[in-house]
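Each chain, letter by letter, is given below.
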Amino acid sequence: MRIGELAGRTGVSTRLLRYYEEQGLLAASRDRNGYRCYGEDAVVRVRQIRRLLGAGLTTEVIASALQCASGEDAHLDLCPELARLLHRELTAMDDRIGTLQRRRSALAGYLTEEGG
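Throughout, a residue's number is its position along its own chain's written sequence, starting from 1. Residue-level local features of this predicted model are given only where pLDDT is at least 70; pairs of side-chain atoms are given and counted only at 80 or more, and the full residue set underlies all totals for whole chains, interfaces and linings. Hydrogens and water molecules were not included; the side-chain quantities draw on all heavy atoms of the structure.

1. Focus on helix α3 (residues 41–54)
Convention followed: Counting from the N terminus, the helices are the DSSP runs of H or I reaching at least four residues and the strands are the DSSP runs of E reaching at least two. Expected span of a helix: the number of residues minus one, times 1.5 Å. For the exposure calls, accessible area comes from a 1.4 Å probe over protein chains only, and a residue counts as buried if that area is under 20% of its type's maximum, exposed if over 50%, partly exposed in between. Residues are treated as being in contact if the distance between any of their heavy atoms lies within 4.5 Å.
In a regular helix each residue adds 1.5 Å, so 14 residues correspond to 20 Å; α3 covers 20 Å between its end C-alpha atoms and thus fits that length. Of all the residues in α3, the buried ones are A42, V43, V46, Q48, I49 and L52. Buried residues along α3 sit against α1 (3–10), α2 (14–22), α4 (59–65), β3 (69–70) and β4 (75–76). Positive phi shows up at G56, right after α3, with a value of about 90 degrees.

Printed below as a string of structure tokens:
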């Protein structure tokens, strides 16, 4: 299928599909006219990418995770290396959440001081 059809079937813009290809997350072949051609498995791959992005992972981490992903829900068969990587991501996310909570408290403190 061509990129427009893949975009229509997945709800992902052609621009994002090209970006996923640039990041090594999605593979396309070229037909005689130079148009991108995707196999049927590309629909599942795009849905996996979207699901992993929704979990807050970067495209770099997703590139590693996709090797262990299966099905549209991006079920991951965790090998020790991927488990370590995901634990690092989770720890970093927890750190960002902690920072945001502290900033929120500081900002709320300003509102309390003003009585508002």
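Next comes the rest of the account.
2. A word on the layout of surface pockets
Remark: the empty space left among the atoms is shown by a probe the size of a water molecule rolled over them. As a reminder, the rule being used: A cavity here means a set of 1 Å grid points, computed over protein atoms only, where a 1.4 Å probe fits but cannot escape. A pocket is an open set with protein on both sides within 12 Å along at least 5 of 7 lines, and lining residues have an atom within 4 Å of a point. Grid points are joined across faces, edges and corners, and a volume is the space filled by probe spheres set on the points. In the scheme used here, Gly and all other residues not listed as nonpolar or charged are polar, with Ala, Val, Leu, Ile, Met, Phe, Trp, Tyr, Cys and Pro taken as nonpolar and Asp, Glu, Lys and Arg as charged.
Estimated volume of the largest pocket: approximately 210 Å³. Taken together, L52, A55, L57, L76, L78, A83, L86, H87, E89, L90 and M93 form the lining of the largest pocket. Among the residues forming the lining of the largest pocket, the class breakdown is 9 nonpolar, 1 polar and 1 charged.

3. Description of the nonpolar core
Our working rule: Here, the term nonpolar core denotes a set of buried Ala, Val, Leu, Ile, Met, Phe, Trp, Tyr and Cys residues that are joined through side-chain atoms within 4.5 Å.
Of all hydrophobic cores here, the largest spans 26 residues; its most connected members are L6, L17, Y20, L26, Y38, L52 and L66. Among the secondary structure elements, those contributing two or more residues to this core are α1, α2, α3, α4 and α5 (80–114). Sorting elements by how many residues they give to this core places α3 first, with 5 residues. Dropping the residues within four chain positions of it, L52 is found in contact with L57, I62, A65, L66, A74 and L76.

4. So, the packing of α2 against α3
Counted only if it meets this: Only the stretch in contact is used when fitting a helix axis, every axis being a line fitted to C-alpha atoms; angles between N-to-C directions are given from 0 to 180 degrees. Between 65 and 115 degrees an angle is taken as roughly perpendicular, under 35 as roughly parallel, over 145 as roughly antiparallel, and anywhere else as oblique.
Packing of α2 against α3 leaves a shortest axis separation of 12 Å and a crossing angle of 85 degrees. When the interaxial angle is binned, α2 and α3 end up roughly perpendicular. Contact with α2, carried on its side by L16, L17 and Y20, involves V46, I49, R50 and L53 of α3 and no other residues of that element. Residue classes in the contact of α2 with α3 are distributed as 6 nonpolar, no polar and 1 charged.

5. A few points about the environment of E89
Summarising the element assignment, E89 is placed in helix α5. Distance in space between the C-alpha atoms of E89 and V61 is 8.6 Å, their sequence separation being 28 residues. Every residue in contact with E89, bar those within four places of it in the chain, is listed here: L57 and V61.

6. Thoughts on the environment of L53
Relative to the helices and strands, L53 is located in helix α3. If near-sequence neighbours (up to four positions away) are discounted, L53 is found in contact with Y20, T59 and I62.

7. Here we look at the side chain of T59
Tracing the backbone through its elements, the reader meets T59 in helix α4. Residue T59 is classed as buried on the basis of its relative accessible area of 15%. Every residue in contact with T59, bar those within four places of it in the chain, is listed here: Y19, Q23, L25 and L53.

8. Notes on the side chain of T10
Locating T10 in the fold gives a position in helix α1. Assessed through its relative accessible area of 18%, T10 is described here as buried. Ignoring anything within four residues of it in the chain, the contact list for T10 reads V43 and V46.

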